[in-house]
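Each chain, written out:
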Amino acid sequence: MQASLQDLTHEWLRIDKNPETRKEVERLLSEGRTDELEKRMRSRIEFGTAGLRGRMEAGWSRMNDLIVIQASQGLCAYVLEQVTDAANRGIVIGHDHRYNSEKWAKLTAAAFISKGVKAYLLKGLVHTPLVPFGVKKLNAACGVMITASHNPKQDNGYKVYWENAVQIICPHDTGIAQSILANLEPRSWDESVVSSSSLCLDRTEEMKDAYFQTLSTLCETRSLNKQSTISFVNTSMHGVSHVFVERAFKTFDFAPFTAVQEQATPDPEFPTVKFPNPEEKGALDLAIATANREKANYVLAQDPDSDRFSAAERRPDGTWVTFTGDQLGTLFASAVLAKYKASGKPLNKLAMVASTVSSKMIEAMASTEGFKFVECLTGFKFIGNTALTLVQEGYEVPFGYEEAIGYMFGSEIRDKDGVAASMVFAELVAGLHAIGKSASSHLQDLYKQYGYFQTSNSYFVCTDPPTIDKIFARIRDYDGKATKTTPSYPSTLAGLSITSIRDLTIGYDSTNPPTFKPSLPLSSGHMIQFRAQSSDGKTKITLTTRTSGTEPKIKYYLEGSGEDANAVSTLLPKVVAELAEAWMQASKNGLGIP
Ligand SMILES: O=P([O-])(O)O[C@H]1O[C@H](COP(=O)(O)O)[C@@H](O)[C@H](O)[C@H]1O
Ligand SMILES: [Mg+2]
């Protein structure tokens with residue numbers, strides 16, 4: 001039976017000890033704001049693409065002290081039950097600069113300490129990759145990073161790493177969720193225990209030194225870097241990366257970059273950007289203005305917790321091109337491939353991983369060159385775990401990426417790393433310029449070699465889950481002829497015929513009769529991929545649309561390929577227009593368009 005809103009709210013007030021969140025709930029109650037209470041109290045926040053993530057406010061579906069304490073208690077109990085020698089191996093905890101981040105890192109540590117588990121609490125602000133790095137280095141039982149990455153300033157989050165130093169996936173996410181429900185009564189609200197308990201250990205400086213030591217193994221052309229006259233501007237988007245990238249530049253023997261001063265200091269208000277996400281339109285404006293002033297060649301950017309990376313290049317005419325996540329992925333893949341080839345190792349032992357919503361160019365590269373390419377569901381948790389599986393099968397996996405500007409290098413961190421990506425990119429362009437090329441011109445060469453691929457990814461904002469469900473239900477029954485067992489999707493798109501459909505929500509793949517079962521696992525939200533082609537078969541597109549697991553968005557990922565780059569470029573906007581108006585009915589459904 002469903003609990004009443006009154007019960008859900010009373011239970012909150014029974015156990016919440018934070019005066020501010022209590023006050024919020026009391027106010028909503030006294031003002032009779034039932035709708036708002038329903039939104040906040042009805043469902044419990046769940047593990048999404050990247051752990052728990054949501055708005056910082058009172059409620060079971062939000063991020064607050066109580067949710068962090070309960071999540072930590074559940075995680076702790078689960079880890080003690082599942083992981084050998086967990087109490088002694090301990091947990092690694094890090095946090096970014098957002099409001100509440102430090103407090104929640106301490107509350108997480110307190111929950112583990114109260115059960116006799118060691119807590120390696122990283123001191124000060126750290127970038128997300130340092131947590132998985134620490135879990136591996138210290139052979140910890142698990143890790144937690146308190147961050148909401150690039151989300152708006154009102155949000156925060158809780159990312160969980162398993163003993164394999166990769167973000168949790170099934171069955172551990174559901175196991176932890178159950179364990180949370182079995183450990184709801186808060187044990188400790190006192191975060192000061194982190195300064196008094198002998199179970200709370202500080203190995204921060206040692207971990208940072210070891211991290212930079214590992215990073216330096218990615219450095220290939222130290223003497224060339226030293227002489228390079230290429231100049232960089234770097235922005236940390238008000239996040240934590242500035243000091244890490246500064247040290248990384250020294251590690252790679254590059255001359256210092258010019259920082260975007262207004263964005264270099266960690267600031268939870270993110271005052272100069274609408275969204276602190278280097279992917280968003282306009283996010284690099286200030287960096288490009290700085291680069292124009294400095295006459296710099298490239299702009300480098302990390303997202304606030306510094307696991308994502310973006311870059312822009314100054315064209316000879318002074319205008320700027322910002323690379324897409326897929327273009328950077330292609331550039332990195334080619335650099336990693338070149339290094340691997342130079343090592344003389346057999347190409348059939350090389351593997352790379354990308355999410356299924358990323359460009360298929362890396363797949364084309366793999367089939368031309370003879371290395372293995374594997375795709376997986378969206379989210380670095382899947383990329384990291386897929387890489388580990390491939391390693392067990394005997395492959396080397398020196399690179400993995402996703403279009404959402406996430407890149408993983410080497411074998412020590414099975415997660416994306418914006419600092420490592422910045423350095424591999426800087427070294428790549430230093431090398432290219434030394435032979436009279438640039439990142440853009442190199443990309444053109446790669447298109448000639450492997451085929452032309454162009455992406456056009458974006459999203460629709462929708463804060464009403466029932467509307468999202470309605471939109472996807474309509475796409476699954478586009479002509480009203482669907483039956484209980486057979487969906488009926490659109491058959492054309494922008495004049496192209498749809499050739500295959502893979503729906504990872506209901507588990508349908510048109511290319512796999514007679515079971516029509518997809519080879520990838522089901523996705524937790526909505527996710528449908530369409531492939532379509534022109535009547536002459538010369539231009540092809542792949543369009544995936546899915547619900548975000550971190551933000552209230554319906555995302556889409558569109559890629560066109562073919563010999564005629566112009567035909568591809570003119571086709572993509574038409575597809576986007578039909579997707580928006582006919583499929584999503586964006587105006588009718590009140591969807592926000594960036
Ligand atoms: O936000 P980050 O940088 O931690 O990144 C996280 O969220 C991204 C967006 O996920 P979604 O499309 O479900 O919103 C994922 O691509 C990424 O793998 C995940 O680690
Ligand atoms: Mg991030």
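If you look the protein up in an unreviewed UniProt entry, it shows as Phosphoglucomutase-3 from Steccherinum ochraceum. Here is the UniProt Sequence similarities (unreviewed entry) comment for the protein, exactly as written: "Belongs to the phosphohexose mutase family." Its UniProt record, at the heading Cofactor (unreviewed entry), says of the protein: "Mg(2+)".

K.L.:
Can you walk me through the site of ligand 1 in this structure?
P.N.:
The local shell around ligand 1 holds 18 residues, among which T49, S149, S548, G549 and T550 are the closest. Taken together, the residues of the shell around ligand 1 break down into 3 nonpolar, 9 polar and 6 charged.

K.L.:
Whenever I open this one, the UniProt feature "domain: Alpha-D-phosphohexomutase alpha/beta/alpha" (unreviewed entry) in the protein confuses me. Can you help?
P.N.:
Sites flagged by UniProt as "domain: Alpha-D-phosphohexomutase alpha/beta/alpha" (unreviewed entry) map to residues 45-183, 210-313 and 325-450. Secondary structure over residues 325-450 splits into 55% helix and 17% strand, and the C-alpha atoms at its two ends are 18 Å apart.

K.L.:
What exactly am I supposed to notice about the domain arrangement of the protein here?
P.N.:
How big an interface is tends to be stated in terms of the accessible area lost upon association of its parts. Domain parsing of the protein yields domain 1 (1-42), domain 2 (48-205), domain 3 (217-450) and domain 4 (454-583). Between the C-alpha centres of domain 3 and domain 4 there is a distance of 28 Å. Taken together, the contacts link 10 residues of domain 3 with 13 residues of domain 4. Here the side of domain 3 that touches domain 4 is built from residues that sort into 2 nonpolar, 5 polar and 3 charged.

K.L.:
It is not clear to me how the confidence of the model for the protein should be interpreted in this structure. Could you clarify?
P.N.:
Fine structural detail should not be taken from predicted coordinates in areas where pLDDT scores are low. Confidence along the protein averages 97 in pLDDT terms, with 100% of residues attaining 70 or more. The complex prediction reports pTM at 0.95, with the ipTM value standing at 0.94.

K.L.:
Could you clarify how one ought to interpret the sheet that holds strand β12 (residues 350-355) in this entry?
P.N.:
Neighbouring strands of a sheet are bound in pairs by backbone hydrogen bonds; such pairs are parallel or else antiparallel. The strand order across the open sheet built from 4 strands is β13-β12-β14-β15, with neighbouring strands paired in mixed fashion. One side of each edge strand has no neighbouring strand; the edge strands of this open sheet are β13 (372-376) and β15 (406-409). Averaged over all pairs of adjacent strands, the angle between strand axes in this sheet comes to 15°, irrespective of strand direction. Bridging between β12 and β13 involves 5 bridges; their strand directions are parallel. For M352, the partnering residue across the bridge sits in β13 and is F373.

K.L.:
Hey, could you run me through unusual backbone geometry in this one?
P.N.:
Trans is the common state for peptide bonds, and a negative phi is the common state for residues other than glycine. For the bond running from C170 to P171, omega is 5°, close enough to zero to count as cis. Tracing the backbone through its elements, the reader meets P171 in the loop between β5 (155-161) and α8 (172-181). The residue after P513, namely P514, is reached through a cis peptide bond having omega 5°. If you trace the backbone, P514 turns up in the loop between β20 (508-509) and β21 (527-533). The phi dihedral of H238 falls on the positive side, at around 65°, and the residue is not glycine. Among the secondary structure elements, H238 is positioned in the loop between β7 (232-235) and α12 (241-251).

Reading the values: rules and limits
Residues numbered from 1 in each chain as written. Chains lettered and ligands numbered in written order. Predicted model: local features only at pLDDT ≥ 70, side-chain atom pairs only at ≥ 80, totals over all residues. UniProt positions renumbered as here; feature names shortened; annotations may be inferred. Near = placed C-beta within 6 Å. Nonpolar A, V, L, I, M, F, W, Y, C, P; charged D, E, K, R; others polar. Helix = DSSP H or I, 4+ residues; strand = E, 2+ residues; numbered from the N terminus. Domains from an automatic or database assignment. Contact = placed C-beta atoms within 7 Å. pLDDT = per-residue confidence, 0-100. Pairing = 2+ DSSP bridges. Axes fitted to C-alpha atoms, helices over the stretch in contact; angles between N-to-C directions.

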